[in-house]
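# Fold and geometry: a report
This is what each chain is made of:
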Amino acid sequence: MERDAILRELAETFGAERIHAQETADGLPTAWVEPGLLLDLLSYLKTARSGAYPMLYDLTAIDERERSHREGQPPSDFTMVYQLLSFERNEDLRIKVALEGQAPSVPSATCLWPSADFYEREVWDMFGIAFEGRPALRRILMPPWWEGHPLRKEHPARATDMGRFGMSEDEQAAMLEELKFDPVKWQVDGPGPEAGAGTFYINIGPQHPSAHGVLRLVAKLEGEVVVDLYPDIGYHHRGAEKMGERQSWHTYIPYTDRIDYLAGSMNELPYLLAVEKLAGIEVPERALVIRVMMAELFRIISHLVFYGTFSQDVGQMSPVFYMFNDRERAFDIVEAVTGGRMHPGWFRIGGVAMDLPRGWDEMVLAFVKHMRGTLKDYDAAIMRSSLFKARTVGVGALSLGEAVEWGATGPFLRACGLDWDLRKKRPYGGYERFDFDVPTATGGDSYDRLAIHVEEMRQSLRIIEQCVAGMPAGPYKADHPLAVPPPKDRTMRDIETLIDHFLAVSWGPNLPPGEACATVEAAKGQNSYYLVSDGGGMSYRTRIRTPSFAHIQMAPMMARGLTISDLVVILGSVDYVLADVDR
Amino acid sequence: MSETAGFPIVAGILSVLFGVLIVAALSIWLERRLLGLLQQRSGPNRVGPLGLLQVVADTVKIFAKENWVPPFADKVVFVLAPPIVIATALASFAVVPLAPGFVVADFNVGLLFFLGMSSLAVYGVALSGWASNSKFSLLGSVRAVGQMVSYEVFMGLSLLGVVAQAGSFSLVDIVNAQKGLWNCVPQALGFAVFFVASLAETRRVPFDLPEAENELVAGYHTEYSGFKFAMFYLGEYVGVTLNSAIIVTLFFGGWSGPFLPPIAWFLVKTVFFIAVFILVRGSLPRPRYDQLISFGWKLMLPLALVNLVATGAIVLATAGPR
Amino acid sequence: MKAPDPSAHPFADIQLARRADLLAWGRSRSLWPFNFGLSCCYVELATALTSKYDLARFGSEIIRGSPREADVMVVAGTVFKKMAPIVRHMWEQMMEPRWVISMGSCAGSGGMYDIYSVVQGVDSFLPVDIYIQGCPPSPDSFMRGLTLLQESIEQEKRPLSWVVGPQGVVKPARPSMRDIMRDERRVRGGLEPPDGI
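In this report, we go over the structure that sits alongside the text. Since the model is a prediction, treat every value here as computed from it, not as a measurement. (Residues numbered from 1 in each chain as written. Chains lettered and ligands numbered in written order. Predicted model: local features only at pLDDT ≥ 70, side-chain atom pairs only at ≥ 80, totals over all residues. Heavy atoms only, no water.)

### As for the interface of chain B and chain C
This is how the line gets drawn: Note on definitions: a residue-residue contact is assigned when non-hydrogen atoms from the two residues lie within 4.5 Å. A simple way to read buried area is as the amount of 1.4 Å-probe accessible surface that goes missing from two parts once joined, with both sides added. Any carboxyl oxygen of Asp or Glu within 4 Å of a side-chain nitrogen of Lys or Arg constitutes a salt bridge here. Within 3.5 Å is the distance limit for a polar contact, defined as a pair of N or O atoms, with the added protein rule that one can donate a hydrogen and the other accept it, and that residues adjacent in sequence qualify only through two side-chain atoms. By definition, any uninterrupted DSSP run of H or I lasting at least four residues is a helix, any uninterrupted run of E lasting at least two residues is a strand, and each is numbered from the N terminus.
The interface is formed by 33 residues belonging to chain B together with 30 residues belonging to chain C. For the chain B and chain C pair, buried surface summed over both sides reaches about 2700 Å², with 55% attributable to carbon and sulfur atoms. In this structure, the connection of chain B to chain C is made through 5 salt bridges. With a shortest N-O distance of 2.7 Å, Glu223 of chain B and Arg68 of chain C are connected by a salt bridge. In this assembly, chain B and chain C are joined by 19 residue pairs in polar contact (both at pLDDT 80 or more). Within the residue set of the side of chain B that touches chain C, elements represented by two or more residues are helix 2 (54–63) and helix 9 (226–251) of chain B.

Structure representation (structure tokens):
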């Protein structure tokens, strides 16, 4: 098979006995290697002369100790998973490393990809897997006083299993003391604030008007100039991955909405695509188009918030009001269709929750018409404002090489000049039938990132228009035993269907064992769900790869040498939300 | 009131003082309503008719808020800083003629007094940030000082054209000199430069860098609360009122106008400029610190100088030999 | 013989009462929120400020970035264990009188996030005045919560100052709106079928 060409190539280069291929439900080439070979293999893949994999797309782990279906896989207590992305081949590659024992360790990949830093710290924090050959590991998502590693199977999942939360004044003081910035503990500077006369540290966040949530950045300043920046995340860690291990496949859908909480239903798409791959469900045409329409509507909703808050970060007071008004118009549609606003939780395994309401098309077309007009006004008020340009052009510029090296995706990557949009490159969920353009820019700066977002809204309007024009007739949900909740019309007539319905609703479907990863071009970049099913009614491991996590790691690189005002602009232009960073 | 008798002066001072405070408070209401209009919403409208009592409610609340000085602050300076801001702005009104004969003190150097007072105001801002002993406050104060140093220079220079035309520093003389033609026509350039400078002077968008909410949380007044914060808050609007009044006096003929009584004309014009200040705030983004400074030195200062030289030349040429 | 009571002046009580009323009136109508948000709910809180909902009508559009200048802290979103000490620290930095609104199910009880990193209800370490449910609550619900807080502040008994009069705050009872509204909600008709817009 063509898609396994890379596996054959690896077997030829490193020896067939050292590369162990695995079949997965998503068809993504997957190879097991031993820890000793890992770095050689990664380095070969990153710099191979043809068809290289320049981006470390994801790095995570699986606690395999309680997994029963591991057919055809080497024995392992903990498995490291590296996912690499090749633009040239238009293909991903998954590398797995089997680790034995309760406190395993593996060579660090930070020497190859600096972006591995955050990911490795996350794996250490969540699984207790150590990495050799890198600066000492520090917790990243959990607070420093935390005990245990939450994604290990023995760690309790529920807060209610861990005793009632209380905080005396002494405990609070001790916690605050532990959270305090310490250049030595954080391994960023020599001991003490000696690092040069006239420099000082300042805490931006976790509560700051421009942090867009609970992000904490410690800035080392010289006057107003940012000498260095140390992000501290985890103030918004909601345990979404652990939650996947205790919610049924169906009841996990609402949790996905709250990952990138500005883009509601858009988040449900990658999760359901992965579930449908595992279950082998074919989604009917109408459901596909409805999903695309809602996803694009939420892309506009998310971009509008970005547009407004960005202009507010630059100090403009009014545009955010106009954009939230447009967002309300979009929410009127969302409310008419789904009944919800920000988090409708409306897509279902195999389709959507219900058919579109009567009169939806006029509503949608009126919105498209309105948006076309207002986007023009915003161009005049913001995009063409010379003061706005003076603040944003050239600020936080990145080269394409840096963006790829650090795992940037979405508008971020396209602002650097790479024409890479998954909707075009690997059409998923029915995107192949739509006609739209992928905007790119060349400067890679804050202004270009905004320009991409604005143009994407126009393209989304085009897609939505095509959805309205070509909405297929037919069922809105797949007729498949694993598509829940099952159709209700026959339940009151025969007992078998009733039992079936009852089980499917109360326990949810059991998906066949396997692994699948699905990626979509979400509002902020590429968002992936990597699901491991052990044949049960719940996921064995849910990995959510979010774009903001990678993007926030790049903030120091973009802000060094600029001023605090520029830092605020850069943060505004990155388009992150904290739930998307910390999950 | 230029009479020398004791009582009318006190009455004059008090009426100007309360008049200014009322106009400043109303301008807070005006700002919130106007910004609402600009942003397609209604603004405060529940407290009192048209929401006019909103400011009263805010005042009552803020006066009863806990009065507190942070333990890490320099207490004396911390407490003294806010009154400086509001006192200097109020004192400047002494030289502003509101109507013929209705001025608290008609100095012959009235304009210089105004410039001096507005230079003093920055001490309040600078000291507050210094005394707060907080990093965000200090950054705000440093910005304020840098901004003032740059903008004071051409603020003064932009007004010299007016002085040259009137031949006097007294604001009353300047108003009287505009009987034929308001200064905004011959001194259009000076007006433009002064308007920009007074935006900077009042620390309003786009020159609100010392408090830039998105960057410095609340800038120099981050640590202030209750009554002391109220003084900064009100001080800003007294400053807006003052600068509008000065613009009216120097460039728009002060109290002069047909039909209405002079004081009414003065009020109408002042409120108009207050509204302009507010709408500017609602529309523009904020420049970066270095852009602001270079805008001042590289564009505004030369413009002010050109205006001064040109005015001087014309005044000399038309005055003829003495 | 009783000792002369300083407050025996015939107008003393009236004056004090009127002053207290005035203060309560001012406080209730001038609630400046602290610009503070934790997660999803904060976006709906921000939406409540925008044109369609316009919190400014109630005088609450002046959101302050500094806790010292704010009156009400809206705990908008999930309260994380890592964030909890900071949330209380910021509440401590607010000046009296101050109020806390718990916005959303997460802040109220942990909501759908019964997970290791989340505090199950902000009231385990902060005194909450108003709870707003929803995930996230719509801006309308938030405005309802804010007006409820205004009503409650008007009935609150507070000392006139930190030196005058008896100290201590007497807050009015905070009944569950579910009980109060039950009858009205029961007779509510005119619900539209889900297949219309």
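### Considerations on the state of the cysteines
In a disulfide, the sulfur atoms of two cysteines are held together by a covalent bond. Let me state the cut-off plainly: Two cysteine sulfurs form a disulfide in these notes if their separation is within 2.5 Å.
Summed over all chains, the structure comprises 0 disulfides over all chains. Between Cys106 of chain C, a cysteine without a disulfide, and Cys135 of chain C, which holds the nearest cysteine sulfur, the sulfur-to-sulfur distance is 5.3 Å.

### Let's talk about the pattern of salt bridges
All names here are of chain A. The following threshold applies: Buried means the residue's accessible area, taken with a 1.4 Å probe over protein chains only, is under 20% of the maximum for its type, while exposed means over 50%, and partly exposed covers the values in between.
Overall, the coordinates contain 63 salt bridges over all chains when judged by the stated rule. Here Arg543 and Glu122 are joined by a salt bridge, their closest N and O atoms 3.2 Å apart. Of this pair, Arg543 sits in strand 15 (residues 539–545) while Glu122 sits in helix 3 (residues 116–127), and the two are 421 residues apart along the sequence. Assigned by exposure class, Arg543 and Glu122 land together as buried. It is possible to trace a salt-bridge network through shared partners that takes in Glu296, Arg299, Arg414, Asp421, Arg423, Glu456 and Glu521.

### Comments concerning the sheet that holds strand 15 of chain A
Residues and elements named next belong to chain A. Heads up, the rule is: Each pair of strands is called paired provided DSSP finds at least two bridges between the two strands. Every axis in this analysis is a line fitted to C-alpha atoms, fitted for helices over the stretch in contact. Angles between the N-to-C directions lie between 0 and 180 degrees.
Reading across from one edge, 13-14-15 is the order of the 3 strands in this open sheet, with antiparallel pairing throughout. In the strand order of this sheet, the two ends are held by strand 13 (514–521) and strand 15, each with one partner. Mean inter-strand twist for the sheet, computed between neighbouring axes without regard to direction, equals 10 degrees. Inspection of the sheet shows strand 13 paired to strand 14 (residues 526–533) by 8 bridges, in the antiparallel sense. The partner of Val520 across the bridge, within strand 14, is Asn527. Relative to the sheet, helix 7 (residues 268–279) contacts strand 13 and strand 14, its axis offset from that of strand 13 by approximately 145 degrees.

### Thoughts on the sheet that holds strand 5 (residues 91–99) of chain A
Residues and elements named next belong to chain A. Taken together, the 5 strands give an open sheet; going across it, the order is 1-2-5-4-3, and neighbouring strands pair in mixed fashion. Both edges of this open sheet fall to strand 1 (20–22) and strand 3 (55–63), since each of them pairs with a single strand only. When strand polarity is set aside, the average angle formed by the axes of neighbouring strands in this sheet is 25 degrees. Packed on one face of the sheet, helix 1 (residues 5–14) meets strand 1, strand 2 (30–33) and strand 5 and runs near 50 degrees to strand 5. Packing against the sheet, helix 2 (residues 35–47) makes contact with strand 2, strand 4 (78–86) and strand 5, and its axis sits at approximately 165 degrees to strand 5.

### What about the packing of helix 8 (residues 285–313) of chain A against helix 10 (residues 360–383) of chain A?
Residue and element names in this part refer to chain A. Selection criterion: Here is the rule for angles: anything less than 35 degrees is roughly parallel, anything more than 145 is roughly antiparallel, 65 through 115 is roughly perpendicular, and the remaining ranges are oblique. Handedness of a crossing is defined here by the sense of rotation of the near helix relative to the far one, left-handed for an anticlockwise turn of less than a right angle and right-handed for a clockwise turn.
Between helix 8 and helix 10, whose axes approach to 13 Å, the crossing angle comes to 25 degrees. Taken as axis vectors, helix 8 and helix 10 run roughly parallel relative to one another. As for how helix 8 packs across helix 10, the hand of that crossing is left-handed. For the pair helix 8 and helix 10, the contacting residues are Met293, Leu297, Ile300, Leu304, Tyr307 and Ser311 in the first and Trp360, Val364, Phe367, Met371, Leu375, Tyr378, Asp379, Ile382 and Met383 in the second.

### Considering the side chain of Lys153 of chain A
All names here are of chain A. Residue placement: Lys153 occurs in the loop between strand 7 (130–132) and helix 4 (169–179). Reaching out from Lys153, the side chain makes a polar contact with the backbone oxygen of Tyr540 at a distance of 2.8 Å. Setting aside its immediate chain neighbours within four residues, Lys153 contacts Asp63, Arg65, Glu66, Lys242, Glu245 and Tyr540.

### Some points on the pairing of strand 1 (residues 72–76) of chain C
Residues and elements named next belong to chain C. The condition that has to hold: Every crossover in which the path from the first strand over the helix to the second runs clockwise, viewed with the strands pointing away from the viewer, is termed right-handed.
Here strand 1 lies mainly inside the structure; 5 of its 5 residues are buried. Neither face of strand 1 is left uncovered, since the one carrying Val72, Val74 and Ala76 and the one carrying Met73 and Val75 both have all their residues buried. Both strand 1 and strand 2 (residues 99–103) contribute to a ladder of 5 bridges, which runs parallel. The partner of Val74 across the bridge, within strand 2, is Ile101. The parallel pair strand 1 and strand 2 is bridged by helix 3 (residues 84–93), and the resulting crossover is right-handed.

### Some thoughts on the packing of helix 3 (residues 75–92) of chain B against helix 9 of chain B
Residues and elements named next belong to chain B. The criterion, for reference: Note on residue categories: nonpolar means Ala, Val, Leu, Ile, Met, Phe, Trp, Tyr, Cys or Pro, charged means Asp, Glu, Lys or Arg, and polar means any other residue, Gly included.
The interhelical angle for the contact between helix 3 and helix 9, taken along N-to-C directions, is 20 degrees, at an axis separation of 9 Å. With respect to helix 9, the axis of helix 3 lies roughly parallel. In the crossing of helix 3 with helix 9, the sense of the turn from one axis to the other is left-handed. Listed contacts from helix 9 to Phe78, Val79, Pro82, Pro83, Val85, Ile86, Ala89, Leu90 and Ser92 of helix 3 are Lys228, Met231, Phe232, Leu234, Gly235, Val238, Gly239 and Leu242. Looking at side-chain class alone, the contact of helix 3 with helix 9 contains 13 nonpolar, 3 polar and 1 charged residues.

### A look at the side chain of Ser27 of chain B
Residue and element names in this part refer to chain B. Relative to the assigned elements, Ser27 resides in helix 1 (residues 6–38). Here the side chain of Ser27 touches Ala24 through a polar contact of 2.6 Å, landing on its backbone oxygen. Those residues in contact with Ser27 that sit more than four places away from it in its chain are Tyr237, Thr241, Ile274 and Ile278.

### Some details on the packing of aromatic side chains
Note the cut-off: Centres within 6.5 Å make a pair out of two Phe, Tyr or Trp rings, where for Trp the six-membered ring is used; the pair is then stacked when the planes are under 30 degrees apart, edge-to-face when over 60, and tilted otherwise. Charge over a ring is defined by NZ of Lys or CZ of Arg lying within 6 Å of the ring centre and within 35 degrees of the ring normal.
Evaluated as defined, the whole model comprises 38 aromatic pairs over all chains. Arranged with centres 6.5 Å apart and planes meeting at 55 degrees, the rings of Phe114 of chain B and Phe194 of chain B form a pair that is tilted. With Phe114 of chain B in helix 4 (residues 110–132) and Phe194 of chain B in helix 7 (residues 188–201), this pair connects stretches of sequence that are 80 residues apart. Residue Phe114 of chain B is classed as buried on the basis of its relative accessible area of 0%. Judged by centre distance (6.0 Å) and plane angle (40 degrees), the ring pair of Phe194 of chain B and Phe251 of chain B falls under tilted. Taken as a pair, Phe194 of chain B in helix 7 and Phe251 of chain B in helix 9 lie far apart in primary sequence, 57 residues in all. The exposure classification of Phe194 of chain B matches that of Phe251 of chain B, with both residues buried. Taken together through their ring pairs, the aromatic side chains of Phe114, Trp182, Phe191, Phe194, Phe195, Phe251, Phe252, Phe272, Phe273 and Phe277 of chain B make up a single cluster. Sitting over the face of the ring of Phe412 of chain A, Arg449 of chain A holds its NZ or CZ atom 4.7 Å from the ring centroid.

Purely geometric numbers; function is a separate question.
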